[in-house]
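# Coordinate analysis (summary)
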Amino acid sequence: MTLELYHSGHSTCSQKVRICLAEKGIDWVSHELHFATGDHLTPDYLKLNPNGVVPTLVHDGEPVIESSVIVEYLDEIYPDRSLTPRTALGRARLRAWMRYMEEVPTPAVRVPSFNQVFRPLRYENMSEEDFQARVETLPLRKAFYRRMGRIEGFGEAELDNALGQIRQTAERINQAILDHGGPWVLGADYSLIDVTLTPLIQRMADLGYAKLWQDDLPEMTGWFARIRARPSFDIAFYPGTNVSEKYPQFFDSGESK
Ligand SMILES: N[C@@H](CCC(=O)N[C@@H](CS)C(=O)NCC(=O)O)C(=O)O
């Protein structure tokens, strides 16, 4: 069978899928898209993914979209090295965590990411007219981009709310390790929630926000150290996939916030 992944190096949603592929030892064909040139908004790509976002998995010609759906799909079609708990209760806990991950930390991470890197990188130097025209072409998140604005970025209240949500996520990881005995979020077995939380926490660390957990959440800090030591981490985060490394102009000397 052929598995093709349309993705972007530094997209956290793409990183979720790349970690899963690496954990399961699956071979795949890479199609790397570049947002700057609008590769994700071409008519051909929109046929695969009408949302105009990455990632998209194409399995023997059939597209599968949505990063959480993709990792679950991969775990189903490659049941070896399963990343899904064996018990009904374990699966219920996994699903609840997956919903939380989608609803809380995934959108929260976008706020500091766009404020610090993607807005100044892609939009600040566009004319207002070009920015508005670009926003009009986006199938999802027109409102997100309008709220951000080309120049202003998200305001303090929105940033504080996002950082609060990441802090809550870190506290919940810490508590889950205590409740289930670790070393992973759901206990003894590494699972899809460890996979999908990793790029979100890595992005926050990369942006300089590790202070949100590292001073007083030792279980969470230990979890993240174990995550980074897994071989899948370096495979998924190949050179150029951390924004600090790719766009150092938006970082001041690697200091924590
Ligand atoms: N719910 C989707 C979200 C995908 C998504 O937002 N992808 C971002 C990169 S992480 C993207 O393609 N953004 C394009 C843009 O901002 O124009 C998923 O999990 O696959």
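Residues numbered from 1 in each chain as written. Predicted model: local features only at pLDDT ≥ 70, side-chain atom pairs only at ≥ 80, totals over all residues.

## As for the site of the ligand
The test is simple: A molecule or strand has a residue near it when that residue's C-beta atom, placed from backbone coordinates, lies within 6 Å of it. Numbering of helices and strands starts at the N terminus; helices are DSSP runs of H or I of at least 4 residues and strands are runs of E of at least 2. We call Asp, Glu, Lys and Arg charged. Ala, Val, Leu, Ile, Met, Phe, Trp, Tyr, Cys and Pro are nonpolar, and the rest, Gly among them, are polar.
In the vicinity of the ligand, the contacting residues are Ser11, Thr12, Cys13, Phe35, His40, Val53, Val54, Pro55, Glu66, Ser67, Ser68 and Leu138. Listed by contribution, the elements that provide at least two residues to the shell around the ligand are α1 (12-24) and α3 (67-77). Here the shell around the ligand is composed, by residue class, of six nonpolar, five polar and one charged.

## Observations concerning the sheet that holds strand β2 (residues 29-32)
Rules: Here a strand pair is declared whenever DSSP counts at least two bridges between the two strands. As a rule, the C-alpha atoms of each element are fitted with a line to give its axis, helices using only the stretch in contact, and angles between N-to-C directions run from 0 to 180 degrees.
Strand order in the open sheet formed by four strands is β2-β1-β3-β4, and the pairing between neighbours is mixed. Edge positions in the open sheet fall to β2 and β4 (62-65), since each of these has one partner strand only. Sheet twist, expressed as the mean angle between neighbouring strand axes with direction ignored, is 20 degrees. Where strand β1 (residues 3-7) lies against strand β3 (residues 56-59), four bridges are found, and the strand directions are antiparallel.

## With respect to helix α5 (residues 105-123)
Our working rule: What the bend at a residue measures is the angle between two axes, fitted to the seven residues ending there and to the seven starting there. Between the buried cut of 20 or more and the exposed cut of 12 or fewer other C-beta atoms within 10 Å of a residue's own C-beta lies the partly exposed class, and all C-beta atoms are placed from the backbone.
At Phe114, α5 shows its largest kink, close to 65 degrees. All of the buried residues in α5 are Pro105, Thr106, Ala108, Val109, Val111, Pro112, Ser113, Asn115, Gln116, Val117, Arg119 and Tyr123.

## Thoughts on the pairing of β2
The line we're drawing: For a crossover, the right-handed case is the one in which the path from the first strand over the helix to the second runs clockwise, viewed with the strands pointing away from the viewer.
Note that β1 and β2 share four bridges and pair parallel. Counterpart to His7 in the pairing with β2 is Glu32. Running through α1, the crossover from β1 to the neighbouring parallel element β2 is right-handed.

## Let's talk about helix α8 (residues 156-180)
Residue pairs three or four apart in sequence face the same way in an α-helix, which turns once every 3.6 residues. Quick reminder of the rule: Multiplying one less than the number of residues by 1.5 Å gives the expected span of a helix. Placing C-beta atoms from the backbone, we regard two residues as in contact once those atoms come within 7 Å.
With 25 residues, α8 should cover 36 Å at 1.5 Å per step; its first-to-last C-alpha distance of 36 Å lies within 8% of that length. Of all the residues in α8, the buried ones are Ala162, Ile166, Thr169, Ala170, Ile173, Ala176 and Ile177. For α8, the secondary structure elements touched by its buried residues are α5, α9 (192-207), α10 (211-214) and α11 (218-229). One or two steps after α8, the chain reaches Gly181, where phi turns positive at roughly 85 degrees.

## Quick look at the nonpolar core
The following threshold applies: The term nonpolar core refers to a group of buried residues, namely Ala, Val, Leu, Ile, Met, Phe, Trp, Tyr and Cys, whose C-beta atoms join them within 7 Å. Residue ranges assigned to each domain were obtained from an automatic or database domain assignment.
With 46 residues, the main nonpolar core has Cys20, Ile173, Val185 and Met204 as its most contacted residues. No other element matches α9, which puts eight residues into this core. Counting the residues that make up this core, at least three belong to each of domain 1 (3-77) and domain 2 (88-250). In this view, Cys20 contacts Val71, Leu74, Leu83 and Val195; residues no more than four positions away in its chain are not counted.

## Overview of the domain arrangement of the protein chain
Annotation of the protein chain at the domain level lists domain 1 (3-77) and domain 2 (88-250). Of note, the centres of domain 1 and domain 2, computed from C-alpha atoms alone, are 18 Å apart. Taken together, the 21 residues of domain 1 in the interface contact 23 residues of domain 2. Of all the secondary-structure elements, those providing two or more residues to the side of domain 1 that touches domain 2 are α1 and α3. When grouped by side-chain class, the residues that make up the side of domain 1 that touches domain 2 number nine nonpolar, seven polar and five charged.

## What to know about unusual backbone geometry
The omega torsion of the bond from Val54 to Pro55 falls at 5 degrees, within 30 degrees of zero and hence cis. Within the secondary structure layout, Pro55 lies in the loop between α2 (43-48) and β3. Looking along the chain, the bond that leaves Gly182 and enters Pro183 is cis, with omega of 5 degrees. Looking at the element boundaries, Pro183 is found in the loop between α8 and α9. Backbone geometry at Asp60 places phi at a positive 45 degrees, although glycine is not the residue there. Within the fold, Asp60 resides in the loop between β3 and β4. Here Asp60 falls in the exposed class, since 8 other C-beta atoms lie within 10 Å of it. The phi dihedral of Arg81 falls on the positive side, at around 50 degrees, and the residue is not glycine.

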